[in-house]
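# Topology and contacts: notes
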Amino acid sequence: MEKAGNLEMDAVEYPLVEDFYTIQGEGAHTGRAAYFIRTAGCDVNCWWCDVKESWDEEKHPMTRTGDIVKRAVDSGAEFAVITGGEPLLHNLEPLSVRLKQEGLDVHIETSGSSPLSGQLDWVTLSPKRFKKPLDENFPYVDELKVVVLKNKDIEWAELNAKKCPPSTQLLLQPEWETPSSVKLIVDYVKKNPQWGISLQTHKFMNVP
Ligand code: SF4
């Protein structure tokens, strides 16, 4: 019975931009080896998005859960990071359940603008003003990571932090192409030490 369930879940397909084994470069798990699964499709439209090629689902192959999970397991990773695009445009139940059955923890990076789905061990909320997170998602946020270009983004970060559980890790991340945001964040974090800084360290290391 369970086997039939697994076969069904393995047959579920997701539009996949790429999947690869690398180092988590951002946030609370920075520096840990992770298997990244980047689904296609995004309806948030951040103008500074650095993965715009992920937006159009039609341009990416539908890929079986079973194939993705096999590659993740073969990589030797301890955890997978499902990202996008906006991964919550898809029902993540089959993919997350199968990854967990095979022993991988499941992390997600999301704008939170669609309902949560799947069995998730770590939820990183990266809220965007272009399409706001759903209130129903906030109780499940482990890490709030807000990309900052200017002062207004810090106000946005505080608005979202108010909705998160007290245990949520609060992180501000400078937008890569906006170096002026670094001073802004450093000054703010020194005055508000409940916040930390997340850097895109994979870009410094030149790994995907
Ligand atoms: Fe790009 Fe993420 Fe914004 Fe979508 S939510 S446009 S993938 S930065």
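Everything that follows concerns the structure shown earlier in this document.
Residues numbered from 1 in each chain as written. Predicted model: local features only at pLDDT ≥ 70, side-chain atom pairs only at ≥ 80, totals over all residues. Heavy atoms only, no water.

### Considerations on the overall build of the chain
Each helix and strand in the chain was counted, giving six helices and nine strands. Taking 2.2 N^0.38 as the reference for a compact globule, 208 residues should give roughly 17 Å; the C-alpha atoms of the chain span a radius of gyration of 17 Å, in line with that estimate. Taken along the three principal axes of its C-alpha coordinates, the chain extends 55 × 35 × 30 Å. For the chain, the residues scored as buried account for 52% of the 208 residues in total. Sequence separation of at least 24 residues holds for 63% of the intrachain contacts in the chain that already meet a minimum separation of 6. Of the roughly 10,300 Å² of accessible surface on the chain, 54% is carried by carbon and sulfur atoms. Counting 23 positive and 32 negative side-chain charges, the chain places the averaged centre of each group 7 Å from the other. (Helix = DSSP H or I, 4+ residues; strand = E, 2+ residues; numbered from the N terminus. Rg over C-alpha atoms; globule rule 2.2 N^0.38 Å. Buried < 20%, exposed > 50% of the residue type's maximum accessible area, 1.4 Å probe, protein only. Contact = heavy atoms within 4.5 Å. Areas by Shrake-Rupley, 256 points an atom, 1.4 Å probe, with all protein chains shown as cover. Lys, Arg positive; Asp, Glu negative; His and termini not counted. Charge placed at Lys NZ, Arg CZ, Asp CG, Glu CD.)

### Examining the packing of aromatic side chains
In this description, a pair of aromatic rings is defined by centroid distance and the angle of the planes. Applying the stated criterion across every chain, the model contains one aromatic pair. Here Phe 20 and Phe 36 contribute two aromatic rings whose centre-to-centre distance is 5.7 Å and whose plane-to-plane angle is 15°, an arrangement assigned as stacked. Of this pair, Phe 20 sits in strand 1 (residues 13-23) while Phe 36 sits in strand 2 (residues 33-39), and the two are 16 residues apart along the sequence. Residue classification places Phe 36 among the buried positions, given a relative accessible area of 9%. (Phe/Tyr/Trp six-rings, centres within 6.5 Å; stacked < 30°, edge-to-face > 60°.)

### Regarding the nonpolar core
One broad rule of soluble globular proteins: the nonpolar side chains tend to lie buried together. Counting 18 residues, the largest nonpolar core has Ile 37, Ile 82, Leu 92, Leu 95, Leu 99 and Leu 104 as the members making the most contacts within it. At the level of secondary structure, the elements contributing two or more residues to this core comprise strand 1, strand 2, helix 2 (65-75), strand 4 (79-83), helix 3 (93-101) and strand 5 (105-110). If one sorts the elements of this core by residue count, helix 2 sits on top with three residues. Setting aside residues up to four positions removed in sequence, Leu 95 forms contacts with Tyr 14, Ile 37, Thr 65, Ile 68, Val 69 and Ile 82. Core analysis: the next-biggest nonpolar cluster, separate from the first, contains 16 residues, Phe 138, Cys 164, Leu 170 and Leu 172 among them. (Core = buried A, V, L, I, M, F, W, Y, C linked by side-chain atoms within 4.5 Å.)

### A short note on empty space enclosed by the protein
Following the criterion strictly, the structure yields one cavity of 30 Å³ or more and no others. In this structure, the largest cavity encloses a volume near 40 Å³. Taken together, Gln 24, Glu 26, Gly 27, Ala 28, His 29, Val 81, His 107, Glu 109, Trp 122, Thr 124 and Glu 143 form the lining of the largest cavity. Put simply, the parts of the chain that give the lining of the largest cavity at least two residues each are strand 5 and strand 6 (122-125). (1 Å grid on protein atoms, 1.4 Å probe; cavity = no way out; pocket = protein on both sides within 12 Å on 5 of 7 lines; lining within 4 Å. Points joined across faces, edges and corners; volume = space filled by probe spheres on them.)

### Brief notes about the site of the ligand
Taken together, Cys 42, Val 44, Asn 45, Cys 46, Trp 48, Cys 49, Val 51, Trp 55 and Gly 85 make up the full set of residues near the ligand. The cavity where the ligand resides is the largest pocket. Class assignment for the residues of the shell around the ligand results in seven nonpolar, two polar and no charged. (Near = heavy atom within 4 Å. Sits in = over half its atoms within 2 Å of the grid points. Nonpolar A, V, L, I, M, F, W, Y, C, P; charged D, E, K, R; others polar.)

### Observations concerning the layout of surface pockets
Here the largest pocket is characterised by a volume of approximately 820 Å³. Taken together, 40 residues line the largest pocket, and the ones lying closest to its centre are Glu 26, Arg 38, Asp 50, Val 51 and Thr 83. Counting residues per element, the ones that place at least two in the lining of the largest pocket are strand 1, strand 2, strand 5, strand 7 (143-148), strand 8 (169-174) and helix 6 (201-205). When residues of the lining of the largest pocket are assigned to their parent elements, the largest contribution, four residues, is made by strand 1. For the lining of the largest pocket, the residue count by class is 15 nonpolar, 14 polar and eleven charged. Estimated volume of the second largest pocket: approximately 180 Å³. As for the second largest pocket, its lining consists of Trp 47, Trp 48, Pro 127, Lys 128, Arg 129, Phe 130, Val 146, Val 147, Leu 149, Lys 150, Asp 153 and Trp 156. Every element with two or more residues in the lining of the second largest pocket is listed here: strand 7 and helix 4 (151-161).

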